[in-house]
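Structural characterization, general
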Amino acid sequence: MKQVEILITGTPVPAYAHPGDAGADMHAAEAVTLEPGQRALVGTGIAIALPDGYAGFVHPRSGLAAKHGITIVNAPGTVDAGYRGEIKVNLLNTGSEPHRIEVGDRIAQLIVQRVERVRFIEVERLPGSDRGERGHGSTGHGAAPEGTAR
Ligand SMILES: O=c1ccn([C@H]2C[C@H](O)[C@@H](COP(=O)(O)OP(=O)(O)OP(=O)(O)O)O2)c(=O)[nH]1
Ligand SMILES: [Mg+2]
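Residues numbered from 1 in each chain as written. Chains lettered and ligands numbered in written order. Predicted model: local features only at pLDDT ≥ 70, side-chain atom pairs only at ≥ 80, totals over all residues. Heavy atoms only, no water.

Within an unreviewed UniProt entry, the label attached to the protein chain reads Deoxyuridine 5'-triphosphate nucleotidohydrolase, and the organism entered is Agrococcus baldri. Recorded in UniProt for the protein chain, the comment headed Pathway (unreviewed entry) runs: "Pyrimidine metabolism; dUMP biosynthesis; dUMP from dCTP (dUTP route): step 2/2." If you open the UniProt record of the protein chain and go to Function (unreviewed entry), you find "This enzyme is involved in nucleotide metabolism: it produces dUMP, the immediate precursor of thymidine nucleotides and it decreases the intracellular concentration of dUTP so that uracil cannot be incorporated into DNA." (UniProt positions renumbered as here; feature names shortened; annotations may be inferred.)

Listed below in structure tokens is the structure:
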């Protein structure tokens, strides 16, 4: 397993709840009440130094989403390998009740992945493909959305 250096202020180290879990749960370093429809940038109290060629992705927790409608505005958030600041989570309450986040609550999960960087080369024409330019629901049933060509 890769080792990742982590700087912590008060909250527990992110932890995988079960062997085989992809995401390590991160904890709230501050308390906040999210009113319905409200969002808040919540600190996790951790900063990390990912190896070059890796990135961290901040994903919502499905339990919080299913039980309370709590999701993440920019899911999944991207933590760059060079970022040394505190990881923050942009929580959004999509539910109909206020939701209280207490210090130490598990608010998101961090998935660390290898990432490729590519060189973008500008060309006059792209190579053909089976899909071509079809997208945005082109393989679904029924008509394409109003104002779009098939
Ligand atoms: O959920 C997130 C997403 C990002 N970040 C931190 C780490 C990341 O490396 C940095 C920048 O994120 P991003 O590139 O997504 O934001 P931006 O709006 O493009 O800001 P910047 O101009 O700083 O790149 O913010 C978080 O703490 N939590
Ligand atoms: Mg950016």
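On we go.
Spatially, β4-β9-β7 is the arrangement adopted by the three strands of the open sheet, whose pairing is antiparallel. One side of each edge strand has no neighbouring strand; the edge strands of this open sheet are β4 (39-43) and β7 (70-72). Neighbouring strand axes in the sheet, compared pairwise and without regard to direction, differ in orientation by 35° on average. Relative to strand β9 (residues 88-93), β4 runs antiparallel, the two sharing five bridges. Looking at the pairing, Val42 lines up with Val89 of β9. (Pairing = 2+ DSSP bridges. Helix = DSSP H or I, 4+ residues; strand = E, 2+ residues; numbered from the N terminus. Axes fitted to C-alpha atoms, helices over the stretch in contact; angles between N-to-C directions.)

Take the UniProt feature "domain: dUTPase-like" (unreviewed entry) in the protein chain next. Summarizing the sequence annotation, UniProt attributes the feature "domain: dUTPase-like" (unreviewed entry) to residues 12-140 in the numbering used throughout. Within residues 12-140, the helical portion is 5% and the strand portion 36%, while the C-alpha atoms at the span's ends are 45 Å from each other.

All right, on to the UniProt feature "binding site: substrate" (unreviewed entry) in the protein chain then. Under the UniProt annotation, the feature "binding site: substrate" (unreviewed entry) is placed at Arg61, Ser62, Gly63, Asn74, Thr78, Val79 and Asp80. Look at the named residues: they lie 20 residues apart in sequence, and the longest C-alpha span between them is 26.2 Å, so in the fold they stay spread out. With respect to the helices, strands and loops of the structure, Ser62 is situated in helix α1 (residues 62-68). When its relative accessible area of 62% is taken as the criterion, Ser62 is described as exposed. Relative to the helices and strands, Thr78 is located in strand β8 (residues 77-79). (Buried < 20%, exposed > 50% of the residue type's maximum accessible area, 1.4 Å probe, protein only.)

Bringing the sheet that holds strand β11 (residues 106-114) into the picture now. A sheet is described by the order of its strands in space; here four strands give the open sequence β2-β11-β6-β8, paired in antiparallel fashion. With one partner strand each, in any of the chains shown, β2 (24-27) and β8 form the two edges of the open sheet. Here the average twist between neighbouring strands, direction ignored, is 35°. Both β2 and β11 contribute to a ladder of four bridges, which runs antiparallel. Residue pairing in the sheet places Met26 in a bridge with Ala108 of β11.

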